[in-house]
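# A structural walkthrough
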Amino acid sequence: MLTLLTFSQNHLEIFSGKDVNAILKRIDGSHNIWLRCLHFRDRTGTAKIINHFHLDPSRIDMIFNHSFTGIDEDMEDCLFDGYEILTHQIKNREFQVARGSIVLGRNFIITFETTEIKVLTILLNNIQKQHIEIQSWGVDYLLYLISKDILNNYHTVFDYISRQLDDLEDEVLANSGNETTYQKIAAMRQSTRSGRRNFQNIKSLLAMMNYDDIQWISQPVKELFHQELGYQIDNLWQEYQALRAWMSELMEIQRDNIASKTSERINRLTILSTTFLPITFITGFYGMNFKYMPELEKPWAYPVVISVIVLIVICSITFAKRQRWL
């Protein structure tokens, strides 16, 4: 699906469709453009888009392969950013990493979304309903809005992670969790790594804005980035590190819990083996085929041997319980 937003001082229009040629025909060079490519995996169509905006053809591989994550500073045909954004699905209570690319030019911004980013859908709807005024700004202001909404999304995600960790912490500290609990924490910790890359990307972008030769972002938008997002990214970075440390601690405690339970099982098996060791000796002793064994002729021999075996089992279990081994 392709969605085209065109805007200028006195113009705002949104058009959606699947035909690349129809979308490109509606592009007017005098307007600012946001082209949103959602679940768009047509390589030929992507090549047409790249060619229409006079971008380097190597951008096609960067968009499809996702081999590059971060801001590309090598080529100067546009500002290219390959992103990974951590989101969560409220319905199934799982995390999801949305991947894609953002391309910023002089009067256009293109977002390629392999997985739909809900915050961009909300942003587009707010622009369409004119809840957000963008007509007096350029496309670099859209990059600011996208970055701002992505960071706000992380506040929601981190709050969700904190509530999940509260529940998991109760399981871990009560020693009621199992290997599944450990795997949940490990998967959660692995998913949050994409957040680190997002923060580093925006920090890199903020650092690039200090150079005078960056041509894609105007000075008013640079000031917005530094004033509005600089402090926010620092707070999120600290919150991210705190969550990572919290998850590491829970993983370590749960690992100790699992090791402790494993040790308890081994101890029980050892006690069981120790209990049956003398019984095995007695039965092996009387299993020898000697002709002269005095107990074989005694009618009370069998009950006595059975009684001794039962007594050994009872005494072993009683001793183990007194020592708190069981």
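Refer to the structure above for everything that follows.
### Structural notes on unusual backbone geometry
We note that H39 has phi near 55°; this positive angle belongs to a residue other than glycine. Summarising the element assignment, H39 is placed in the loop between β3 (32-38) and α2 (43-52). Judged by its relative accessible area of 48%, H39 falls in the partly exposed class. You will see that H54, though not glycine, has its phi angle at about 60°, which is positive. In this structure, H54 sits in the loop between α2 and α3 (58-65). On the accessibility criterion, H54 (70% relative accessible area) is exposed.

### What to know about empty space enclosed by the protein
Under the counting rule described, the total for this entry stands at 3 cavities of 30 Å³ or more. Estimates place the volume of the largest cavity at around 200 Å³. For the largest cavity, the lining is made up of 15 residues, of which D81, I102, L143, S147 and I202 are closest to its centre. Residue assignment for the lining of the largest cavity shows that the elements contributing at least two residues are β5 (79-89), β6 (94-104), α5 (139-173) and α7 (193-208). Looking at the lining of the largest cavity residue by residue, the class counts come to 11 nonpolar, 3 polar and 1 charged.

### Comments concerning α2
Looking only at α2, the buried set comprises G45, T46, I49 and I50. Down the axis of α2, the sector holding all buried residues measures 140°, keeping them to one side. Along α2, the residues that are exposed and aim more than 90 degrees away from the buried face are T44 and N51. Against α1 (20-25), β3, α3 and β7 (108-113) lie the buried residues of α2. You can read the cap of α2 off the contacts: a side-chain oxygen lies 3.1 Å from the backbone nitrogen of T44, and it is on D42.

### Some points on the environment of T318
Tracing the chain through its elements places T318 in helix α9 (residues 301-322). In this structure the side chain of T318 is engaged in a polar contact, spanning 2.8 Å, whose partner is the backbone oxygen of I314.

### With respect to the pattern of salt bridges
The full count for this structure, using the stated rule, is 7 salt bridges. Between R36 and E113 there is a salt bridge, and its shortest N-O distance comes to 2.5 Å. Pair noted here: R36 is in strand β3 and E113 is in strand β7, with a separation of 77 residues, a long-range link. Note on accessibility: R36 and E113 belong to one class, buried. With a closest N to O distance of 3.2 Å, E84 and R99 form a salt bridge.

### Here's the deal with the environment of V97
Inspection of the secondary structure puts V97 in strand β6. For V97, a relative accessible area of 22% puts it in the partly exposed group. Once the C-alpha coordinates of V97 and Q135 are considered, the two residues, 38 residues apart in sequence, prove to be 32 Å apart. If we ignore the near neighbours within four places in the chain, the residues touching V97 are E84, I85, L86, S191 and S194.

Calculation criteria
- Residues numbered from 1 in each chain as written.
- Predicted model: local features only at pLDDT ≥ 70, side-chain atom pairs only at ≥ 80, totals over all residues.
- Heavy atoms only, no water.
- Helix = DSSP H or I, 4+ residues; strand = E, 2+ residues; numbered from the N terminus.
- Buried < 20%, exposed > 50% of the residue type's maximum accessible area, 1.4 Å probe, protein only.
- 1 Å grid on protein atoms, 1.4 Å probe; cavity = no way out; pocket = protein on both sides within 12 Å on 5 of 7 lines; lining within 4 Å.
- Points joined across faces, edges and corners; volume = space filled by probe spheres on them.
- Nonpolar A, V, L, I, M, F, W, Y, C, P; charged D, E, K, R; others polar.
- Arc of directions from axis to C-beta.
- Contact = heavy atoms within 4.5 Å.
- Polar contact = N/O pair within 3.5 Å; in protein donor to acceptor, adjacent residues only side chain to side chain.
- Salt bridge = Lys/Arg side-chain N within 4 Å of Asp/Glu carboxyl O.

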